[in-house]
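A closer look at the structure
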Amino acid sequence: QHPITDEQALHVLHHIKKEFQLNDDKQALPYVSSILRALRQTLSLTNANQLLNLLPDFFKLIFAANWRQDEPNARVEHLDEFVTLVMTRDQQEQKFLFRNEVQTLSVIVFILKKLHHLINLNRVEGLSWTFRHELEEA
């Protein structure tokens, strides 16, 4: 297994920009950040560190930024629970990136599928089978 390059990470940002008709690749960063940090919140510290080690360096920075070790864990079994978590965090952080559940779901699915192609999310312990299965089906 070759390490994933930052170039591949930047390529993912470019795909997100195109998919969601953003003006430039940098505008995709807050979306990736929101998804990665919500994902981090669903994992134990050990499993979050495992995911961190799989990510390309560029995404590691995004994933680990503002990481509080006392961050409350959020139990997520289903994709719709993850949508709720992402939207709740978005409101609490006052970013207001996500307008509704449909838009949030489409952003989550697109970003996590791109991420899955890079690192294979099945290798990350702590993500429920149901969650991963629903993501594949979406």
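Keep in mind that what you see is a predicted model, and the values were worked out from it rather than measured. (Residues numbered from 1 in each chain as written. Predicted model: local features only at pLDDT ≥ 70, side-chain atom pairs only at ≥ 80, totals over all residues. Heavy atoms only, no water.)

Scanning the chain for helices and strands turns up seven helices and zero strands. If you list the helices and strands of the chain from N to C, you get α-α-α-α-α-α-α. Its C-alpha atoms give the chain a radius of gyration of 14 Å, within 12% of the compact-globule value 14 Å for 138 residues. Expressed along its principal axes, the backbone C-alpha trace of the chain runs to roughly 40 × 35 × 30 Å. (Helix = DSSP H or I, 4+ residues; strand = E, 2+ residues; numbered from the N terminus. Rg over C-alpha atoms; globule rule 2.2 N^0.38 Å.)

All right, on to empty space enclosed by the protein then. A complete count under the given rule lists two cavities of 30 Å³ or more for this structure. Taken together, Val-12, Ile-16, Val-32, Leu-36, Phe-59, Ile-111 and Leu-115 make up the full set of residues lining the largest cavity. When residues of the lining of the largest cavity are traced back to their parent elements, those giving at least two are α1 (6-19), α2 (29-41) and α6 (101-119). The residue makeup of the lining of the largest cavity, split by class, is seven nonpolar, no polar and no charged. Lining of the second largest cavity is provided by Thr-42, Val-76, Gly-126, Leu-127, Ser-128 and Phe-131. A per-class count over the lining of the second largest cavity returns three nonpolar, three polar and no charged. (1 Å grid on protein atoms, 1.4 Å probe; cavity = no way out; pocket = protein on both sides within 12 Å on 5 of 7 lines; lining within 4 Å. Points joined across faces, edges and corners; volume = space filled by probe spheres on them. Nonpolar A, V, L, I, M, F, W, Y, C, P; charged D, E, K, R; others polar.)

Here the focus is helix α4 (residues 57-64). Turning to α4, its buried residues are Phe-59, Ile-62 and Phe-63. Projected down its long axis, α4 carries its buried residues within an arc of 100°, all on one side. In this structure, the buried side of α4 is in contact with α1, α2, α3 (45-54) and α6. (Buried < 20%, exposed > 50% of the residue type's maximum accessible area, 1.4 Å probe, protein only. Arc of directions from axis to C-beta. Contact = heavy atoms within 4.5 Å.)

Its place among the elements puts Glu-71 in the loop between α4 and α5 (79-92). Of the polar contacts made by the side chain of Glu-71, one reaches the side chain of Arg-40; its length is 3.2 Å. Beyond its immediate chain neighbours, meaning those up to four positions away, Glu-71 contacts Arg-40, Gln-41 and Arg-89. (Polar contact = N/O pair within 3.5 Å; in protein donor to acceptor, adjacent residues only side chain to side chain.)

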